[in-house]
Amino acid sequence: MFDFFLGHYAYWGIIVLMLIGLYGMIFKNNLVKKLIGMTIFQVSIIMFYVASAVKWSATVPVLDPAVGAADAARYISPLQHCLMLTAIVVGVATSGVAFSLVIVIYRHYKTLNESLLIERMKSQP
Amino acid sequence: MIQNSPALVPLILLATAILIPVLALKKEKLAYPITFIASIFSVIVSSYNIFRIWNGVRISYHFGGWIPPIGIEYVLDPLSAFIALVVNIVAFFVIWHSNGIRATEFTGKSVPYYALTLLFLCGANGIIVTGDLFNLYVFLEIFSLAGYGLIGIGERQAPVASFRYLIMGTLGASFYLLGIGFLYIVTGSLNMADVRNIMVHVQPNPAINVALILIVAGIGIKMAIFPLHGWLPDAYTYAPSTSSALLAPIGTKIGAYVIIRILFFVFGIEFVSSDFNITDLIAWLSAAGILYGSIMAIAQREMKRMLAYSSVSQIGYIGLGIGLANPLGYTGAVLHILNHAFMKGSLFLVAANLRKKIGHSNIDKLDSSYRKKLPWTMAAFSVAALSMIGLPPTAGFFSKWYLALGAIDNKNWLFLSIILISSLLNAIYFFRIFENVYLKPSPTGKTDEMPIKKTAKKGGSFIGDEEPSLTIPVAVLSFSLILIGLWNATIVKGIIQRIIPPGM
């Protein structure tokens, strides 16, 4: 049992990170804090992919004359890293759109507090 | 050039989306013609694509010449070609219509609006045609980010609705990404056809179940399946009318298409309906969504909001067809994607015309003078609304008919009664508008004389106050519902029955 927890420590860390992100998105009242939660959630998924690429006693996926090309098991899998480069870019684009929306919301309603925002949306449509 | 046609539509749309801010920077007027031409082009190429696969051959396009499991593959089969054609045709009419509406709804913002529209369509076409799970994620994000922008351009409350959608939509896309991560760990491939072949040899294990749940939950948010629909009503109400008319027919249908693609063509029918029975869950949630959406629609007094809730219920029909997991239900679901795209497109455009010509779309304020002022818009509304209710010559009847047959096939009488009850509920909320428009006398009491004067003045004009550029797209979209209804057998036999997933 202890081995199971210790052996998957990377995944436990990722799960904790993911739950922190979800907590921020659901329970925080400030829109920027919600966005921080969303980014943490996205990062946890990136970490999940990176963790899934890890191999013990393997090296970076660049051809090394000392290791040779014959044994693919001696290199860690490069595919997940490539995918995550794209996912990071997508995450940055999402944050950009989200922050521009936050700016527009602040200009219209002069607040980023969600409960106050809902009140003001009703009182000054 | 022409053998590259599967990749041509997303690429051209992407290229024009980037070109518009460059070319139209100084001349804002250029944005609309460029978008219009790109849209015509995408309709032509997707028609050519459907012509190419008419004899039932699956065309696989290898991106950059790499062989599929390694490289990215674009797949043209009857399902993807069909959905792409539907999306591009509806988008063409909405873009055509947007020319008349842009001055009132997004003054001075037409360059970003049209660039986002093209990016949105690029994402949609990419999702439809791609054969690679990760590529689908990237297109899904292009599609969604453009969608957030299209919503945020709208009224004062629109950025808040858009922000809410962004938080939920990103959560959904992240769930999808996590799901394909699990799938990749188990199968070692991201190509849909390759994963399908490997899945046959995979022993049942929790990782696959988790992947399936995550993907369905993630795409469910984009599709707005019942408990995950929270973002939809506000987003559709506050967005500019042309954006809602673009998002409502295309946005949620893309989600439905992805669910069909992944459930039946990646996981396989026997896995999703017997090994790990998620289709039942989808069917029950959708059935609840049908009733919830219809009842909420009856409670609304504002037309766009009513149509938004009605979208929740119509998505329920598609979900129900997917969840029934038999050929008839599947036929109904795919046919309803087509029908609902046309119906909701024309209904939202009717709401847009009302807002443009009258200044509001409040149902209580409608009366018979509107029928005299906007005869063609109201005729289009009537046809589309009758199709939503499901009266026989119109298209809406046939998809409901197949869904009902599918429910009977599964011997699930509860689903059958839900389909019938919800038709009744649809009738209630649309007949409310019919009653106001055709029977309620105008408070000024001058309605009878007005049109006669008009006719005398304009010399036999029977279009009232309408502008052709606003009326023709609406009228064509909604009257084509009758044609779709009459020729539904051709569509079902020629396309949908060819793409019934293996083993269903």
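Anything mentioned here points back to the structure above.
Residues numbered from 1 in each chain as written. Chains lettered and ligands numbered in written order. Predicted model: local features only at pLDDT ≥ 70, side-chain atom pairs only at ≥ 80, totals over all residues. Heavy atoms only, no water.

**A word on the overall build of chain A**
Phase 1: A tally of regular secondary structure across chain A gives 5 helices and 0 strands.
Phase 2: The linear arrangement of helices and strands in chain A, starting from the amino end, is α-α-α-α-α.
Phase 3: The C-alpha extent of chain A, read off along each of the three principal axes, is 70 × 35 × 15 Å.
Phase 4: Across the 125 residues that make up chain A, the buried fraction comes to 32%.
Phase 5: A sequence separation of at least 24 residues applies to 44% of the contacts in chain A between residues at least 6 apart.
Phase 6: If you sum the accessible surface of chain A, you get close to 7,600 Å²; carbon and sulfur atoms cover 72% of it.
Phase 7: Between the averaged position of the 9 positive side-chain charges in chain A and that of its 5 negative side-chain charges there is a distance of 18 Å. (Helix = DSSP H or I, 4+ residues; strand = E, 2+ residues; numbered from the N terminus. Buried < 20%, exposed > 50% of the residue type's maximum accessible area, 1.4 Å probe, protein only. Contact = heavy atoms within 4.5 Å. Areas by Shrake-Rupley, 256 points an atom, 1.4 Å probe, with all protein chains shown as cover. Lys, Arg positive; Asp, Glu negative; His and termini not counted. Charge placed at Lys NZ, Arg CZ, Asp CG, Glu CD.)

**As for the overall build of chain B**
Phase 1: Counting its secondary structure elements, chain B contains 21 helices and 2 strands.
Phase 2: Over its C-alpha trace chain B gives a radius of gyration of 22 Å, about what one expects of a compact globule, namely 23 Å for 504 residues.
Phase 3: Its C-alpha atoms give chain B principal-axis dimensions of roughly 75 × 60 × 45 Å.
Phase 4: Expressed as a percentage of its 504 residues, the buried residues of chain B come to 64%.
Phase 5: For chain B, the exposed surface amounts to about 17,300 Å²; the carbon and sulfur share of it is 69%.
Phase 6: Both charge centroids of chain B, one from 35 positive and one from 22 negative side chains, sit 8 Å from each other. (Rg over C-alpha atoms; globule rule 2.2 N^0.38 Å.)

**Points about a nonpolar patch on the surface**
Phase 1: Where nonpolar side chains cluster on the molecular surface, the patch consists of Met1(A), Phe4(A), Phe5(A), Trp12(A), Ile15(A) and Leu19(A) and spans about 630 Å² of accessible area.
Phase 2: Elements represented by at least two residues in the nonpolar patch include exactly helix 1 (2-7) and helix 2 (9-27) of chain A. (Patch = residues over 30% accessible without salt bridge, like charges linked within 9 Å, V, L, I, M, F, W, Y side chains within 5 Å. Salt bridge = Lys/Arg side-chain N within 4 Å of Asp/Glu carboxyl O.)

**Here's the deal with helix 20 (residues 468-486) of chain B**
Residue and element names in this part refer to chain B.
Phase 1: Helix length check: helix 20 (19 residues) gives 26 Å between terminal C-alpha atoms against 27 Å at 1.5 Å per residue, within 8%.
Phase 2: Within the sequence span of helix 20, burial applies to Leu 470, Thr 471, Pro 473, Val 474, Ala 475, Leu 477, Ser 478, Ser 480, Leu 481, Ile 484 and Gly 485.
Phase 3: Considering only its buried residues, helix 20 is in contact with helix 3 (78-105), helix 14 (327-357), helix 16 (375-389), helix 17 (395-409) and helix 21 (488-494). (Expected span 1.5 Å × (residues − 1).)

**Describing empty space enclosed by the protein**
Phase 1: Overall, the coordinates contain 3 cavities of 30 Å³ or more when judged by the stated rule.
Phase 2: Roughly 70 Å³ of volume is contained in the largest cavity.
Phase 3: Forming the boundary of the largest cavity are 13 residues, of which Pro6(B), Val9(B), Asn49(B), Ala84(B) and Val129(B) lie nearest the centre.
Phase 4: Volume-wise, the second largest cavity comes out at about 50 Å³.
Phase 5: Together, Gln42(A), Ile45(A), Ile46(A), Ala87(A), Gly91(A), Tyr137(B), Ser174(B) and Leu177(B) line the second largest cavity.
Phase 6: Those elements that place two or more of their residues in the lining of the second largest cavity are helix 3 (31-52) and helix 4 (79-109) of chain A together with helix 6 (158-187) of chain B.
Phase 7: When residues in the lining of the second largest cavity are grouped by element, the largest group, 3 residues, is from helix 3 of chain A.
Phase 8: Among the residues making up the lining of the second largest cavity, the classes are represented as 5 nonpolar, 3 polar and no charged. (1 Å grid on protein atoms, 1.4 Å probe; cavity = no way out; pocket = protein on both sides within 12 Å on 5 of 7 lines; lining within 4 Å. Points joined across faces, edges and corners; volume = space filled by probe spheres on them. Nonpolar A, V, L, I, M, F, W, Y, C, P; charged D, E, K, R; others polar.)

**Some thoughts on the pairing of strand 2 (residues 73-76) of chain B**
Look at any regular strand and the pattern is simple: side chains alternate between the two faces of the sheet.
Residues and elements named next belong to chain B.
Phase 1: The two faces of strand 2 match: Glu 73 and Val 75 on one face and Tyr 74 and Leu 76 on the other face are all buried.
Phase 2: When strand 1 (residues 59-62) meets strand 2, the two strands line up antiparallel, connected through 4 bridges. What sits directly across from Ser 60, in strand 2, is Val 75. (Pairing = 2+ DSSP bridges.)

**Concerning unusual backbone geometry**
All names here are of chain A.
Phase 1: Non-glycine residue Ser 57 carries a positive phi angle of around 50°.
Phase 2: One can find Ser 57 in the loop between helix 3 and helix 4.
Phase 3: Judged by relative accessible area, which is 69%, Ser 57 ranks as exposed.

**What to know about the pattern of salt bridges**
Residues and elements named next belong to chain B.
Phase 1: Counted according to the given criterion, the structure contains 8 salt bridges over all chains.
Phase 2: Taking the shortest distance from any N to any O, the salt bridge between Arg 355 and Glu 155 comes out at 3.0 Å. Here the residue Arg 355 occupies a position in helix 14, and Glu 155 occupies one in the loop between helix 5 (133-152) and helix 6, the gap between them amounting to 200 residues.
Phase 3: Judged by relative accessible area, Glu 155 falls into the partly exposed class, the value being 32%.
Phase 4: The closest approach of N and O atoms between Arg 355 and Glu 302, which form a salt bridge, is 2.8 Å. Taken together, the residues Arg 355 in helix 14 and Glu 302 in the loop between helix 12 (278-299) and helix 13 (303-324) connect sequence positions 53 residues apart.

**Considering the interface of chain B and chain A**
Phase 1: Taken residue by residue, the interface counts 28 residues in chain B and 37 residues in chain A.
Phase 2: Both sides of the chain B and chain A interface together cover about 2,900 Å² of buried area, and 80% of this is carbon and sulfur.
Phase 3: Between chain B and chain A we count 0 salt bridges in total.
Phase 4: At the surface where chain B touches chain A, the tally comes to 3 residue pairs in polar contact (both at pLDDT 80 or more).
Phase 5: Of all the secondary structure elements, the ones that give two or more residues to the side of chain B that touches chain A are helix 5 and helix 6 of chain B. (Buried area = accessible area lost by both parts, 1.4 Å probe. Polar contact = N/O pair within 3.5 Å; in protein donor to acceptor, adjacent residues only side chain to side chain.)

**Some details on the nonpolar core**
Residues and elements named next belong to chain B.
Phase 1: If you look at the biggest cluster of nonpolar residues, it comprises 195 residues, and the most contacted ones within it are Ile 250, Leu 263, Phe 267, Phe 381 and Phe 430.
Phase 2: With 17 residues, the top contributor of residues to this core is helix 10 (residues 241-267).
Phase 3: Membership of the second largest hydrophobic core comes to 13 residues, among which are Tyr 317, Leu 324, Ala 404 and Ala 407. (Core = buried A, V, L, I, M, F, W, Y, C linked by side-chain atoms within 4.5 Å.)

**Focus: the side chain of Lys304(B)**
All names here are of chain B.
Phase 1: Here Lys 304 lies in helix 13.
Phase 2: One buried charged residue, Lys 304, remains without a salt bridge, the closest side chain of opposite sign being Glu 155 at 5.0 Å.
Phase 3: Excluding anything up to four places from it in sequence, Lys 304 contacts Tyr 236, Thr 237, Ala 239, Pro 240, Ser 241, Ser 244, Phe 348, Ala 351, Arg 355 and Ser 361.

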